[in-house]
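Analysis of the macromolecular model
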Amino acid sequence: MPPRSEVRRAAAANWPSPATVANPLWLLLRVNALQSWRRVLALRQQSKLLTALIGVFLVGYAALAFLLFYRGLRFAGQFPGLGAVLIERMIYLLFACLFALLLLSNLVISYTNLFRNRETAFLLPLPLPPQTIFRWKFIESTLLASWAFLFLIAPLLAAYGLTQNAAWHFYPITLLFIALFIVLPATAGAWLAVTVARFLDRRAFQLAALAVAAGMIVVSIIWLRPEPVTDEQLQTRVLVVLDRLLLRTRFAQFPLLPSYWLSAGVQHWAEGALAAAGFFALVLLSYALFFGSLMFTRMGTRFYNAASAVQSRGSVLGRWRGMRAWRRRAVFSYPRGWFETVFGWLPAVSADARALLVKDARVFWRDTTQWGQTLVLFGLLAVYILNLRHFSEQLTNPFWINLISYLNLGACSLNLATLTTRFVYPQFSLEGKRLWIVGLAPLGLPRVLRVKFAFGSALSLLVTAGLMVVSCRMLVLAWARTFYLLGAVVVMTLALNALAIGLGALYPNLKEDNPSKIVSGFGGTFCLVLSFLYIVASVVLVAVGSPWGRAGDKPWPWVAGAWLAFLGLSWLVGWVPLRLGVRRVVEFEY
Amino acid sequence: MIELNHLVKRFGDLVAVNDLTLHISAGEFFALLGPNAAGKTTTIKVLAGLIKPTAGTARVAGFDVQHEPLEARRRLAYVPDFPFLYDKLTPWEFLRFTGQLFRMDEARLERVARELVRRFNLEPYLAKAIEGLSHGTRQRVAIVSALLHAPEVFVLDEPMVGLDPHHARVLKDILKERSQQGMTVFVSTHQLSIAEEMADRIGIMHEGRLIALGTREELRRQSGAAGALEQTFLALTEQEANLREEHAAAK
């Protein structure tokens, strides 16, 4: 038997060089660019309000982020003797974290784009070398995974350039640095995706990704665990304390990290050390060229083998003897399943509503993306809130305690708004081609909406109410204040769920099966923007309406007025869209 | 023109295609029938180069699908049951795109495309976005795009899904014409009437095996069932299922 390397080389030799085909990559780029351009045009033609909303949101984010970064950097830079070090470390740390996020994003997007994509399946039987298909998909995945990074980072770099009084050429050169940088996580992500696809099926991949993410969180918790610092140390040995703190961020300055080359290059250029910056630019360029050319010339056969493997294998988990025995037993015992059992305990819920609840719960549970993202978002918030206990000794000023408790309310609601827009809003649309099942059932569509609202709200309340109570206990707030904030978060949770369900029914997209595409339409964008505005207004009203003022208790008409405004706003933002949605589905044609 | 030799395809423990050997000559209209999960679509996917066989070989127009993939694919056209089309393109743009991928010269591309568009009555839709077209119209666009480069082998998975009777007739006529001109047609379908009306030979798969192969008359004789192809098909698949059960019981 010939060695594996020879077999691989022979297989690769069977694909003619892409150069012999008349610009197929160019054809693919052109067709997809045309598609994207038409999507943009369609957006404009569909709704001017949507275009305006998106425009305002983008400009608003950029302006607000720039302002915050600018003030933050100015503030940090004013620490005598420490400002420059702090800013330098923050830049290294930020790019290291963004590098990890980009890597993860590239891995997930490349996997989906290469192996779960209808265009790929369409292209494979055409006379195109797999290398050409891989090239196009690699470019597409890189763009999809990196645009948000550029959007996030642009205001920071602008603010950094201004605070450092950088020359005009800092800004275009920074773009070049970033363009080189994003190639590296993209190549690593694509390579990992192909390798993972070759050996793991989708479910095993999802479980492995979650296990890695959970492992990283645990490592972060251990690595960043707080160390007790006494007041005396804070006053007399500031430098020692700071040194201990900065020691934890040293990993971001590991010289083989691409984020290190980017951070060092950008900072050197801002300082005018052009030779040092040029060195890091060349390092980035050489790695980008090396790995980029590997992607463009050596991945075709690997990709084709992995694509074939993805479509050819049984479940990887199913190969385990125990799993196979369990599945055989499960198939022949016709179990009710634990969702059905648990929902069976709910009193006063009719059988049809319960069936819908069980179906929605099963779909949620079996879609790892849904509970995975929920877990990550609220997991990070929980880690932050639980860590508050380490600061409670230092937090003695009622002003800061109050501020943090309202910020926690805002953070909790913003997290929830992201999830209601991403997962609750598309619920009605996702019935899509299956709408005839629930639509023709005696349950009726209005009740379908109400059941979905009840399910979404119950699930959200478990998390938001729990987090709010824990947050208040960590801040050692009195029970009266705890219940006050708990009441606010309950009202906001109900309003945000009602808004998402209502707008989802008012702006349905029954043709689309992909929830992220449903969300990116007018209704989804409107829901997100409205949710954010509602949260900002609500947190302000709840804070203003708090009976515990700085100068003693506030008069009750003031408190009642603010709460009436808060409840009225919640009614307007939540109940009204839900009511309109219910009315809309009564006469729904499908 | 199509040669499948001892083809095996496994998905984990499941043997989707089990030692399939089948030779189809140039200009032949071949219909592959079988109950659900018989292995028809897997066979087509191997033939189209979408998946690699576990064992055995597949050749198109003399070229091994795995070892000379581009040569094989240049001679092949494949239309799945739910074809992918670029939603934001118009049918005309999509036809030009596929023609260019097959490196057709402009004049020929336009001439052939015009002719096929006329026959499939696609003129009113040529400038509209594909996303707004009905399922049947999209299916017609996919079929036209596949026929553009005059493939030597045309593989179709459930080609009549979504087509109205008029356009189903047009497709049948074109397939018959092209087949008379030398194009090999390989159709996988559950619609027995297509096989009965059009096919030169019919193959019946069951649980990954080719259990019957021959002309309409040969299959009828083999099954011992009189009447339409439906009776033949049911008799053959039932016989096979009974044999399997007996075999399993003996084990």
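Residues numbered from 1 in each chain as written. Chains lettered and ligands numbered in written order. Predicted model: local features only at pLDDT ≥ 70, side-chain atom pairs only at ≥ 80, totals over all residues. Heavy atoms only, no water.

Glancing now at the pattern of salt bridges. All names here are of chain A. The final tally for this structure, using the stated rule, is 22 salt bridges over all chains. Between Glu119 and Lys137 there is a salt bridge, with its nearest N and O atoms 2.7 Å apart. Here the residue Glu119 occupies a position in helix α5 (residues 118–123), and Lys137 occupies one in helix α6 (residues 130–163), the gap between them amounting to 18 residues. Each member of the pair Glu119 and Lys137 is classed as buried. (Salt bridge = Lys/Arg side-chain N within 4 Å of Asp/Glu carboxyl O. Helix = DSSP H or I, 4+ residues; strand = E, 2+ residues; numbered from the N terminus. Buried < 20%, exposed > 50% of the residue type's maximum accessible area, 1.4 Å probe, protein only.)

Our focus in this paragraph is the domain arrangement of chain A. What the domain assignment reports for chain A is domain 1 (60–310) and domain 2 (346–586). The centre of domain 1 of chain A, based on its C-alpha atoms, is set 31 Å off from the matching centre of domain 2 of chain A. (Domains from an automatic or database assignment.)

All names here are of chain B. Domain annotation of chain B identifies domain 1 (1–19 + 29–75 + 151–213) and domain 2 (88–146). Computed over C-alpha atoms, the centres of domain 1 and domain 2 are 23 Å apart. The interface of domain 1 with domain 2 comprises 17 residues on the first partner and 12 residues on the second. For the pairing of domain 1 and domain 2, the buried interface totals around 1,200 Å² over both sides, and the portion due to carbon and sulfur atoms is 59%. Here domain 1 and domain 2 share 1 salt bridge between them. Between Glu177 and Arg119 there is a salt bridge, and its shortest N-O distance comes to 2.8 Å. Scanning the region where domain 1 abuts domain 2 turns up 5 residue pairs in polar contact (both at pLDDT 80 or more). Elements with a minimum of two residues in the side of domain 1 that touches domain 2: α2 (69–74) and α6 (165–180). By residue number, the principal contributor to the side of domain 1 that touches domain 2 is α6, which donates 8 residues. Of the residues belonging to the side of domain 1 that touches domain 2, the class tally is 8 nonpolar, 3 polar and 6 charged. (Contact = heavy atoms within 4.5 Å. Buried area = accessible area lost by both parts, 1.4 Å probe. Polar contact = N/O pair within 3.5 Å; in protein donor to acceptor, adjacent residues only side chain to side chain. Nonpolar A, V, L, I, M, F, W, Y, C, P; charged D, E, K, R; others polar.)

Further remarks concern the sheet that holds strand β1 (residues 2–11) of chain B. Residues and elements named next belong to chain B. Pairing is antiparallel in the open sheet, where 4 strands are placed in the order β2-β1-β4-β5. At either margin of the open sheet sits one strand with a lone partner, and together these are β2 (14–24) and β5 (63–64). Sheet analysis places strand β4 (residues 55–60) next to β5, joined by 2 bridges and oriented antiparallel. Within the sheet, the bridge partner assigned to Arg59 lies in β5 and is Asp64. Relative to β1, helix α1 (residues 40–47) is tilted by about 115 degrees, and along the sheet it contacts β1, β2 and β4. (Pairing = 2+ DSSP bridges. Axes fitted to C-alpha atoms, helices over the stretch in contact; angles between N-to-C directions.)

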